[in-house]
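Letter by letter, the chains look like this.
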Amino acid sequence: MTVRGRARRAASAVLALAVTAPMLSACFEEPSAHEAVRDFLIGWQTGDYAAAARRTDGDEKVVSKALEDAKLQLDAASFRFDVKSMRRAADEVEADFDAEVDLGENNPLWEYEGKLPLHLVDGSWKVRWSPSVLHPQLREGQRFAVKVTPEGRQPILDRNRDPLQEKAILHVASVIPANLKNDEADRLCQRLSKITGFPHDRLLSRIRSAQPNLQVPLVTFGRTKFGQLSAQLEAIPGIILSEQEQSVAPASPTQIVGTVTAVTPETEQQLGGPQRAGDTVGRAGLQKAYQEHLTGSTDTRVITVDLKTLKVTELKKWRPDRSTSPVQTTLDRTHQKAADSALLGGSGMLVAVQASTGDILAVSSTSEYNQEKHALAGRFPAGTAFSIMSVEGMLKARISPKQKLACPADRTVGGVAFHQDGAPVGVTPTLQANFATGCVTALASLARRIDGSELTSAAAKFGIGAPWALPLKGFSGSMRPLKNDAATAKALAGQNVLVSPLSMALVAGAVASGTWRPPVLVTDPRTADPTTETEPYKAPDPIKLDDKTVGMLRTFMRSGVTAGSARAAAAPGDPVHGITAAASQNRKPLAWFVGWQGDVAVAVLMQSPDSGAGAAVAGRFFQGLHAGL
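Predicted model, so just to flag it, every value in this text is computed and none were measured. (Residues numbered from 1 in each chain as written. Predicted model: local features only at pLDDT ≥ 70, side-chain atom pairs only at ≥ 80, totals over all residues. Heavy atoms only, no water.)

(A) Looking closely at the pattern of salt bridges. As enumerated under the stated definition, the model contains 18 salt bridges in all. For Arg301, the salt bridge identified is with Asp299, shortest N-O distance 3.4 Å. Judged by relative accessible area, Arg301 falls into the partly exposed class, the value being 29%. Given the relative accessible area of 9%, Asp299 is considered buried. Among the charged side chains, a salt-bridge network with shared partners connects Arg87, Glu94, Asp96 and Lys115. (Salt bridge = Lys/Arg side-chain N within 4 Å of Asp/Glu carboxyl O. Buried < 20%, exposed > 50% of the residue type's maximum accessible area, 1.4 Å probe, protein only.)

(B) Broad picture of the packing of helix α5 (residues 184-196) against helix α6 (residues 200-209). Contact geometry for α5 and α6: axes closest at 9 Å, N-to-C directions at 140 degrees. In terms of orientation, α5 and α6 fall into the oblique class. Like other packed secondary-structure pairs, α5 and α6 cross with a definite hand, here right-handed. Mapping the contact onto sequence places Ala185, Asp186, Leu188, Cys189, Gln190, Leu192 and Ser193 in α5 and His200, Leu203, Leu204 and Ile207 in α6. Tallied by class, residues from the contact of α5 with α6 come to 7 nonpolar, 3 polar and 1 charged. (Axes fitted to C-alpha atoms, helices over the stretch in contact; angles between N-to-C directions. Helix = DSSP H or I, 4+ residues; strand = E, 2+ residues; numbered from the N terminus. Parallel < 35°, antiparallel > 145°, perpendicular 65-115°, else oblique. Left-handed = near helix turned anticlockwise from the far one by under 90°. Contact = heavy atoms within 4.5 Å. Nonpolar A, V, L, I, M, F, W, Y, C, P; charged D, E, K, R; others polar.)

(C) Representation of helix α7 (residues 223-234). Taking 1.5 Å as the rise per residue, α7 with 12 residues should run 16 Å; its terminal C-alpha atoms sit 15 Å apart, in good agreement. Residues Phe226, Leu229, Ser230 and Leu233 constitute the buried set of α7. Seen from one end, α7 has its buried residues packed into an arc of 155 degrees, which puts them on one side. Seen from the open side of α7, the exposed residues pointing more than 90 degrees away from its buried face are Thr224, Gly227, Gln228 and Ala231. Lining the buried residues of α7 we find β7 (165-175), α5, β8 (216-221) and β9 (240-250). (Expected span 1.5 Å × (residues − 1). Arc of directions from axis to C-beta.)

(D) Quick look at the environment of Val302. On the secondary structure map, Val302 appears in strand β12 (residues 298-306). Between the C-alpha atoms of Val302 and Ser513, which are 211 residues apart in sequence, the distance is 59 Å. Excluding anything up to four places from it in sequence, Val302 contacts Leu74, Leu103, Trp110, Ala145, Thr313, Glu314, Leu315, Lys316 and Trp318.

(E) A look at the sheet that holds strand β27 (residues 600-607). Pairing is antiparallel in the open sheet, where 5 strands are placed in the order β16-β15-β27-β26-β25. Either end of the sheet is taken by a strand with one partner, and the two such strands are β16 (360-365) and β25 (576-585). Pairwise comparison of adjacent strand axes, ignoring direction, gives a mean angle of 10 degrees for this sheet. Alignment of strand β26 (residues 588-597) against β27, held across 8 bridges, turns out to be antiparallel. Looking at β27, one finds that Gly595 is bridged to Val602. Contacts between helix α19 (residues 501-513) and the sheet are confined to β15 (348-354), β16, β26 and β27, with β27 contributing the most and set at about 145 degrees to the helix. Contacts from helix α20 (residues 547-562) reach β25 and β26 within the one sheet, and its direction differs from that of β25 by about 80 degrees. (Pairing = 2+ DSSP bridges.)

(F) Molecular detail of the layout of surface pockets. Of the voids in this model, the largest pocket is the one considered here, and its volume is about 880 Å³. Every residue lining the largest pocket is counted, 32 residues in all, and those nearest its centre are Lys65, Asp69, Gln73, Arg143 and Leu307. Every element with two or more residues in the lining of the largest pocket is listed here: α4 (60-74), β5 (142-150), α5 and α6. At 8 residues, α4 tops the list of elements feeding residues into the lining of the largest pocket. Per-class residue counts for the lining of the largest pocket are 18 nonpolar, 4 polar and 10 charged. (1 Å grid on protein atoms, 1.4 Å probe; cavity = no way out; pocket = protein on both sides within 12 Å on 5 of 7 lines; lining within 4 Å. Points joined across faces, edges and corners; volume = space filled by probe spheres on them.)

(G) Molecular detail of the packing of helix α12 (residues 333-342) against helix α21 (residues 613-628). Where α12 contacts α21, the two axes come as close as 8 Å, and the packing angle between them is 140 degrees. Considered as vectors, α12 and α21 are oriented oblique to each other. You can see that α12 and α21 cross each other, and the crossing is right-handed. Here α12 contributes Thr334, His335, Ala338, Ala339 and Ala342 to the contact with α21, which in turn contributes Val617, Arg620, Phe621, Gly624 and Leu625. Looking at the contact of α12 with α21 residue by residue, the class counts come to 6 nonpolar, 3 polar and 1 charged.

(H) Highlighting the state of the cysteines. According to the stated counting rule, one finds 1 disulfide in the structure shown. The disulfide partner of Cys407 is Cys439, and the gap between their sulfur atoms is 1.9 Å. Residues Cys407 and Cys439 share a disulfide whose torsion about the S-S bond is about 100 degrees; that sign makes it right-handed. Of the two residues, Cys407 sits in the loop between α14 (391-396) and β18 (410-413) while Cys439 sits in the loop between α15 (431-437) and α16 (440-444), which places them 32 residues apart along the sequence. Here Cys407 matches Cys439 in class, with each residue buried. (Disulfide = S-S within 2.5 Å.)

(I) Structural view of the nonpolar core. Counting residues in hydrophobic clusters, the biggest one holds 87 residues, and the most contacted among them are Ile388 and Trp592. Among the elements that make up this core, the one with the highest residue count is α19 (9 residues). (Core = buried A, V, L, I, M, F, W, Y, C linked by side-chain atoms within 4.5 Å.)

(J) Quick peek at helix α18 (residues 485-492). Burial of α18 is extensive: 6 of the 8 residues sit out of reach of the surface. All of the buried residues in α18 are Ala486, Ala487, Thr488, Ala489, Ala491 and Leu492. Here the buried face of α18 lies against β18, β19 (416-419), α16, α17 (452-461), β20 (478-479) and β21 (497-499). Where α18 ends, the next residue or the one after it, Gly494, has phi of about 70 degrees, a positive value.

Spelled out as structure tokens, the structure:
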């Protein structure tokens with residue numbers, strides 16, 4: 001709870017009591033009894049413990065300390081009281097009141113019913129003092145305490161419900177309150193605050209409100225931070241240092257799963273809620289996106305502790321107001337391992353999806369690229385891989401796959417020059433052969449026969465620019481308006497079309513299954529924020545492709561592997577379909593492979609002058625899957 005929130009709640013409490021108490025004046029002809037009740041409760045509520053104590057028959061210092069200790073032992077942000085009734089029998093009065101205690105960092109509001117016994121002392125009404133004034137079940141030699149048990153961080157799971165985290169060692173600085181004498185707790189917290197940056201008052205309040213004989217964790221450190229501070233921590237008298245094993249280290253794909261760290265002073269302030277030592281914070285990826293689902297749920301109990309016998313009595317227990325839950329993803333460890341292995345020795349990315357569902361199976365990248373920023377959300381020129389979306393236009397223009405179409409080294413269309421490396425000499429390839437080899441000069445020449453609006457419409461059917469969303473960043477693609485032959489030719493060459501590896505894997509999946517589908521990364525929970533009242537995200541509808549278009553594309557893309565530039569993608573098992581494409585960005589040569597085997601569609605983008613580099617990675621990926629099966 002914020003300081004401002006506590007102040008508001010405390011101010012409203014004072015006002016409530018000030019209004020409620022005078023209304024009791026009608027209960028008695030003599031106002032002194034209810035004035036004693038009012039003054040005692042207002043003094044307790046506002047922290048004027050001496051004023052409250054003067055309205056009791058107890059020793060003023062003893063009563064003042066008991067009231068102050070109650071606040072510290074409960075780590076209470078505020079008290080609020082409401083007098084319900086008063087009864088008088090001769091020289092005795094008993095007042096019934098409702099108490100509401102804001103447990104501050106521990107979140108719940110503790111509500112209970114209390115009683116104030118009063119009697120006349122030298123003609124004045126006094127509260128008959130005993131610990132039961134604070135709570136009916138509190139006895140002499142006992143104290144309050146708050147026991148908080150956080151639920152452990154929930155896992156992120158792959159499609160087979162196996163965790164995508166590995167064990168990591170965290171280091172915990174703890175104390176046993178009963179071992180700290182006099183002002184030792186205060187001095188310890190001052191030193192710990194100076195070293196770690198955590199507020200001194202919050203560290204001290206955790207010690208004071210804890211069960212005194214149990215170890216209380218104060219701060220948790222990751223390996224690096226602990227290595228920097230361990231010598232200073234060991235020098236603090238009373239600190240207990242221990243290791244704690246938690247499943248927080250991300251497994252592959254690490255940047256999609258995301259990193260987790262122990263709570264820091266900065267993250268504690270950002271999160272704003274009750275964070276305790278041992279709590280963890282997602283810093284990136286799904287761990288950050290689903291922080292509110294994965295952690296933050298605690299079991300809280302208010303107890304009394306007998307200081308001699310250490311017997312504990314539970315006064316109130318709260319189950320979490322919301323349950324934490326695992327995050328179920330579509331990722332598959334077998335596919336991820338094959339993808340990671342296939343990229344060894346190169347520089348690039350691979351995204352694999354299930355063609356029949358759009359489920360993301362694997363996201364892999366080398367160190368030069370980020371799996372989220374580039375593989376899911378990158379913006380790269382499509383190269384001639386965009387020609388996949390031109391086939392519908394070819395059919396409408398009645399262009400035959402067997403039609404001869406020259407593939408010169410250079411060609412100009414609408415004033416735009418195109419160049420093809422390694423153009424064939426002495427032969428005129430068919431359209432199918434040019435598609436299979438990704439001849440940019442041949443494909444660009446079709447701009448005069450394929451209508452630009454038809455090409456734009458076809459691209460939309462393959463999900464380019466579709467309004468899908470992921471819990472992480474993603475990019476569905478974009479293309480500029482095609483207003484003339486030059487713009488259409490550049491689109492066929494993929495020069496004015498931007499796509500991500502994910503969006504092209506979905507294009508491959510659309511050809512493989514006959515239907516474009518939006519991507520899916522997380523199947524449960526439906527929203528990243530469990531407290532949101534907005535409607536869950538609704539994915540765009542799948543788009544059924546034209547059967548003739550799909551049939552021609554499958555033929556073209558199979559020939560890309562059997563007779564074209566994607567031969568390196570061949571692998572045992574179901575026939576591999578795919579094409580390669582060359583592109584460049586920021587003067588860096590790029591090599592695409594877009595294709596599928598069985599129900600697994602992939603897009604590979606490599607930084608390489610070899611246009612077949614992507615196909616070679618795809619081949620290793622498919623071979624790895626076959627070997628794994």
